[in-house]
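Chain by chain, the residues run as shown.
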Amino acid sequence: MEKYNIVIIGGGPAGLAAASAAYDEGERSILILERDKELGGILNQCIHNGFGLHTFKEELTGPEYAKRFSDQVAEKKIEYRLNTMVMDISPDRMVTAMNRTDGLFTVQAGAVILAMGCRERSRGALNIPGYRPAGIYSAGTAQRLVNIEGYMPGREVVILGSGDIGLIMARRMTLEGAKVKVVAELMPYSGGLKRNIVQCLDDYGIPLKLSHTVVDIQGKDRVTGVTIAEVDSSNKPVPGTEEFYSCDTLLLSVGLLPENELSKTAGVALSRITNGPTVNEQLETSVDGIFACGNVLHVHDLVDYVSEEAAMAGRNAARFVREGRISDRSRELPIHVEGGPRYTVPCTIDPARIPEQLTVRFRVGSVMKNRYVSVYLDGERVLRRRRQIMAPGEMEELVFKKSMFEAHPDLQNITIRVEEA
C-alpha cells in the first residue's frame, strides 16, 4: 500500500489547479490520478478561445489554458498517473485504483480532493419518442469527434438544448460546413452565456426557439428528421405547434451532471439541487479530509472560477494534512436562500474560520431583472448589491468579508435574499 499526503482524483483544470496550490502551500507528497491519456480534462477538446481572461488576463483556447497548469505541475515535479481509473474511495481516505502498469493498487491519503468534473445527460434521461437510429450524439461527444478525432458527425444538424456546449457546437459545425437548422430549448430562457448566444447563434443566423423540445425522431438506420413542438408552462408539448426539420444529426446539450459515484462510496453527503457534495467554507465535504472543487462540486460557467475554487481546495487540503482536523461541524451555520437563488457554494460557514474574504457562488432559478441581492446576518442587512439581470445560465457571486462576521459574535442565521429593486 502506498501513502501520499494528498491524492487528487482528476487531472482536469480543477485537479491541476488544486495540485499547484497545495504545492505552493508547502505540500510535496501529492499524487494526481487521471483516467484519460493526458492531463487537461475536457479543455483539450475546447479549441475555441475565451478562457483565461480572469486568471491570466489574456484570451486563451482551452488547450492553451490547460497547458499553463500542466506546465506548473511539471515544473513542480508533482507526481501524476495517467490511464488510471479510481474504483473506490473509503471514508478513511483509502483510494483504490487500477491501471495497466500497476494493476490494482491502493493509496492511503492524508487528504483527498475530488476533481472528477461532470458528464452530459444522455438521451435516455429525456424520454424522447421515436426510433434509436445512428446520428444522435451528445454535444460533447460531437465536439471530441470534430476537434480531436477529425470526424464530422453529420451535415444537417438540429440541436436540442442551449447549454454552452450546444451553442459552441452550433458554431463549430457551421464552420466545418454543416447546416445547423435550429437550436431548440425546453426552457423559456437559454442555459448558456449571453456572449455565446450572440457569437455562436446570432452571428451565423442560427435560430433559437425557446420553450420548444423534440417530440419525435424519424429514421431507422440513420436520423432522417426530427419534429419539435412548443411546450406550455408545464413543459408539455402544445398540440398543433409541431414543426418538422429534415436532418441527419441530432446533438443533445441538455445539461451536465457532476460525476459523484465515487463521492457516494466515500459517504459524502450530496446536494439535491446541484447533485454535487455539500461543502463548508473550506470546501471540505461532510467527510473529514475529503475536499471537492470544480464541476464535480457544481457546474461552472467559466473555467477561471474552477481554477480559483480548486486553488482554495488545494490550500485547505494542505492545511488539513499539516494541522489535522480543521473543521468543527457543530459551529457550522447553513446559508439560507430566499427569493430566487437555488443553492450556494459553500452551503455552510463557520464564522470563526472564515478567511479575510470568502467568495460565495450561486445560481438563480429563473431570469430575474432589476433586483437587489442582499446578505442578512441575524436579520441585519450587511451587504447589498444591485443586479440588472440574473439568469440560470450565469453564475452569481458575493464576497463575504471577515469583518462582517466579527460584528456578530453570537451569529445564528445567515441569509442571502433576492429583493425587488
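Our structure is the block above this text.
Thresholds applied
Residues numbered from 1 in each chain as written. Predicted model: local features only at pLDDT ≥ 70, side-chain atom pairs only at ≥ 80, totals over all residues. Heavy atoms only, no water. Disulfide = S-S within 2.5 Å. Buried < 20%, exposed > 50% of the residue type's maximum accessible area, 1.4 Å probe, protein only. Helix = DSSP H or I, 4+ residues; strand = E, 2+ residues; numbered from the N terminus. Pairing = 2+ DSSP bridges. Axes fitted to C-alpha atoms, helices over the stretch in contact; angles between N-to-C directions. Parallel < 35°, antiparallel > 145°, perpendicular 65-115°, else oblique. Left-handed = near helix turned anticlockwise from the far one by under 90°. Contact = heavy atoms within 4.5 Å. Nonpolar A, V, L, I, M, F, W, Y, C, P; charged D, E, K, R; others polar. Core = buried A, V, L, I, M, F, W, Y, C linked by side-chain atoms within 4.5 Å. Expected span 1.5 Å × (residues − 1).

Caption draft 1: Structural view of the state of the cysteines. In the structure shown here, the tally under the stated rule is 0 disulfides. Just so you know, Cys 46 is unpaired, no disulfide at all, and the nearest cysteine sulfur is the one on Cys 118, 10 Å from it. There is no disulfide at Cys 347, and the cysteine sulfur nearest it, in Cys 293, is 15 Å away. Residue Cys 347 is classed as partly exposed on the basis of its relative accessible area of 22%.

Caption draft 2: Molecular detail of the pairing of strand E24 (residues 368-377). Judged by how many residues are buried, E24 sits mostly within the fold: 8 of 10 residues are covered. Pairing between E24 and strand E25 (residues 380-390): 9 bridges, direction antiparallel. The residue of E25 that forms the bridge with Arg 371 is Arg 387. Relative to strand E27 (residues 414-420), E24 is paired through 7 bridges, and the arrangement is antiparallel. Paired with Tyr 372 across the bridge in E27 is Glu 419.

Caption draft 3: Representation of the packing of helix H4 (residues 164-175) against helix H5 (residues 194-201). Contact geometry for H4 and H5: axes closest at 8 Å, N-to-C directions at 20°. The angle between H4 and H5 falls in the class roughly parallel. Viewed along their axes, H4 and H5 form a crossing whose handedness is left-handed. Residues Asp 164, Leu 167, Ile 168, Ala 170 and Arg 171 of H4 touch H5, and the partners they reach there are Asn 196, Ile 197, Gln 199, Cys 200 and Leu 201. When grouped by side-chain class, the residues that make up the contact of H4 with H5 number 6 nonpolar, 2 polar and 2 charged.

Caption draft 4: The nonpolar core, seen in detail. In terms of nonpolar packing, the biggest core is built from 82 residues, with Ile 9, Ile 89 and Phe 400 touching the most fellow members. It is helix H7 (residues 303-323) that contributes the most residues to this core, 8 residues altogether. The residues contacting Phe 400, other than those within four sequence positions of it, are Ile 349, Ile 354, Glu 356, Gln 357, Leu 358, Val 360, Val 375, Phe 405, Ile 414 and Ile 416. Among the nonpolar cores identified, the runner-up in size contains 18 residues, and Ala 142, Met 169, Val 183 and Cys 200 belong to it.

Caption draft 5: Helix H1 (residues 13-24), seen in detail. For H1, with 12 residues, the first-to-last C-alpha span of 17 Å sits near the 16 Å given by 1.5 Å per residue. In terms of residue burial, H1 counts as a mostly covered element, since 10 of its 12 residues are buried. Those residues of H1 not exposed but buried are Pro 13, Ala 14, Gly 15, Leu 16, Ala 17, Ala 18, Ala 19, Ser 20, Ala 21 and Ala 22. Tucked inside the fold, the buried residues of H1 contact strand E1 (2-9), strand E2 (30-33), helix H2 (62-75), strand E8 (103-114) and H7. Gly 26 occupies a position one or two residues after H1 and carries a positive phi of about 110°.

Fair warning: the whole summary comes from geometry, so function is off the table for now.
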